[in-house]
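Listed below, chain by chain, are the residues.
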Number of protein chains: 2
Amino acid sequence: MIEPLNKAFCALPGVGSKTAQRFVYHLLERNREGGMNLAKALVDAMEHVKHCTSCRTLSEKILCHICASEVRDASQLCVVEIPTDIHAIEQSGVYKGKYFVLSGYLSPIDGIGASELGLDKLEQKLTNQNIKEIILATNATAEGEVTAHYIGSMAKQFDIQITRIAHGIPIGGELEYADINTIAHALSGRKKYD
Amino acid sequence: MIEPLNKAFCALPGVGSKTAQRFVYHLLERNREGGMNLAKALVDAMEHVKHCTSCRTLSEKILCHICASEVRDASQLCVVEIPTDIHAIEQSGVYKGKYFVLSGYLSPIDGIGASELGLDKLEQKLTNQNIKEIILATNATAEGEVTAHYIGSMAKQFDIQITRIAHGIPIGGELEYADINTIAHALSGRKKYD
């Protein structure tokens, strides 16, 4: 019963047998209640959490709280790769629009094409809803750029503004330590200063 | 159901909300079966794993497999701080004796005294069983040293050999990068070379 628990913990990303052993020992010796809580929370979540039918994020209800909100600006749609990206953007507190979650990026070699990312659903949204701006917030990786490019091309057939989040030197970051690609983006994306 | 699972994961040592979020997302999006497995393994372990009545390690049975073994040398007793230390020593493959697990170290300020570490049980073992050598394998920390010293003093009343595992430069380690305490131990613990 110790060994199977060890192996089960290894299913978590970034957890190897040493870390798993530490988890098992900690729970068994110091926090059995915490272990039982975790088991209950796991069953609850695995059985009841589905995807929001509108934006595809993880949600316990048919519509997530952002899609169901009357206050959020339905004319802006921010496209992100994964549900945790929404959490990151929400914490910045500057965005008041709605979201669309791809659950990944285009990767034909892994069999992840437009339909796996729900791009047909996104196209439907752009057709039927009164969306004025689509913000491409996929990651600044090669895959994220390709995905943004693909969605951008698809969105051109509609009369909407297509934007991409800015890339450049992070706030608090020093030029000296930035990598060359970031500096190149920061320079080519420079804005009028006043 | 997402938030409670997040919090439940934070009960694990070294897991903060960012890591917990990664675990939750990974299980919900990619491996729900793994999540259910983990829940089952947790309940099994929390409910059924007890302590070996002889050596105090974590065990599913009344006696752990090492204490129950007829092959292991019962005249040697290696005292370790935690059950995972046994695992580490077993992997080295050089020790054939039995173990005793303290489940911690002496720390009167935290209310951890001789009885919490089962030292009365250890004393009984030394009295009743035919033990010829006790190997003190507590950690090379201040607390581990104090604990080793305490057990060493207690064991002196019996006619047995009391030894401490060697401390020095790790195999593959370079003198240049060793800390001063390790070098001091390596020098004072030097042995005749032939």
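Residues numbered from 1 in each chain as written. Chains lettered and ligands numbered in written order. Predicted model: local features only at pLDDT ≥ 70, side-chain atom pairs only at ≥ 80, totals over all residues. Heavy atoms only, no water.

Draft legend 1. Layout of the relation of the copies chain A and chain B. Relative to chain B, chain A is turned by 180° and slid 0.0 Å along the rotation axis, the superposed coordinates differing by an RMSD of 0.1 Å. Such a turn and shift between the copies fits a two-fold axis. Residues of chain A ranked by C-alpha distance from the rotation axis are headed by Ala39(A), positioned 2.0 Å from it. Mapped onto chain B, 100% of the interface residues of chain A are again interface residues, and the two copies thus contact each other with one and the same surface. (Least-squares fit on C-alpha atoms with pLDDT ≥ 70 in both. Contact = heavy atoms within 4.5 Å.)

Draft legend 2. Representation of the nonpolar core. The biggest cluster of nonpolar side chains holds 38 residues, and the ones touching the most others in it are Phe9(A), Leu42(A), Phe9(B) and Leu42(B). Taken together, the elements giving at least two residues each to this core come down to helix 1 (2–9), helix 2 (17–30) and helix 3 (32–48) of chain A together with helix 1 (2–9), helix 2 (17–30) and helix 3 (32–48) of chain B. Beyond its immediate stretch of four places on either side in the chain, Leu42(B) contacts Leu5(A), Phe9(A), Leu27(A), Gly35(A), Leu38(A), Ala39(A) and Leu42(A). (Core = buried A, V, L, I, M, F, W, Y, C linked by side-chain atoms within 4.5 Å. Buried < 20%, exposed > 50% of the residue type's maximum accessible area, 1.4 Å probe, protein only. Helix = DSSP H or I, 4+ residues; strand = E, 2+ residues; numbered from the N terminus.)

Draft legend 3. View of the interface of chain A and chain B. If you look at the interface, chain A gives 45 residues, while chain B gives 45 residues. Across the interface of chain A and chain B, roughly 4400 Å² is buried in total on both sides, 74% from carbon and sulfur atoms. Considering only the surface of chain A that becomes buried against chain B, Met1(A), Tyr25(A) and Met46(A) emerge as the three largest contributors, covering 16% of it. Across the chain A-chain B interface, the total number found is zero salt bridges. Seen at the junction of chain A and chain B, the total is 14 residue pairs in polar contact (both at pLDDT 80 or more). Broken down by secondary-structure element, the contributors of at least two residues to the side of chain A that touches chain B are helix 1, helix 2, helix 3, strand 1 (50–51), strand 2 (58–59) and helix 5 (83–92) of chain A. Counting residues per element, the side of chain A that touches chain B draws most heavily on helix 3 of chain A, which supplies 14 residues. For the side of chain A that touches chain B, a count of residues per class yields 26 nonpolar, twelve polar and seven charged. (Buried area = accessible area lost by both parts, 1.4 Å probe. Salt bridge = Lys/Arg side-chain N within 4 Å of Asp/Glu carboxyl O. Polar contact = N/O pair within 3.5 Å; in protein donor to acceptor, adjacent residues only side chain to side chain. Nonpolar A, V, L, I, M, F, W, Y, C, P; charged D, E, K, R; others polar.)

Draft legend 4. Here's a closer look at the domain arrangement of chain A. Split by domain assignment, chain A resolves into domain 1 (2–48) and domain 2 (72–188). For domain 1 of chain A versus domain 2 of chain A, the separation of C-alpha centres amounts to 34 Å. (Domains from an automatic or database assignment.)

Draft legend 5. Here's a closer look at the packing of aromatic side chains. Residue and element names in this part refer to chain A. On inspection of all chains with the given rule, the structure shows four aromatic pairs over all chains. For the pair Phe9 and Phe23, a centre-to-centre distance of 5.3 Å together with 70° between the ring planes defines the contact as edge-to-face. Pair noted here: Phe9 is in helix 1 and Phe23 is in helix 2, with a separation of 14 residues, a long-range link. Judged by its relative accessible area of 0%, Phe9 falls in the buried class. Owing to a relative accessible area of 2%, Phe23 belongs among the buried residues under this scheme. Note on Tyr95 and Tyr99: the rings are 5.2 Å apart at their centroids and 65° apart in plane angle, and the pair reads as edge-to-face. (Phe/Tyr/Trp six-rings, centres within 6.5 Å; stacked < 30°, edge-to-face > 60°.)

Draft legend 6. Quick look at the pattern of salt bridges. Residue and element names in this part refer to chain A. For the coordinates displayed, the defined rule picks out six salt bridges over all chains. The shortest N-O distance in the salt bridge between Arg72 and Glu90 comes to 2.9 Å. Taken together, the residues span a long stretch of sequence, with Arg72 in the loop between helix 4 (65–68) and strand 3 (73–80) and Glu90 in helix 5 at a distance of 18 residues. When its relative accessible area of 16% is taken as the criterion, Arg72 is described as buried.

Draft legend 7. Representation of the state of the cysteines. Under the criterion given, the structure shown has zero disulfides over all chains. Considering cysteine sulfurs only, Cys10(B) is the nearest to Cys10(A), which forms no disulfide, with 20 Å between them. In this structure Cys10(A) comes out as partly exposed when scored by relative accessible area, which is 32%. (Disulfide = S-S within 2.5 Å.)

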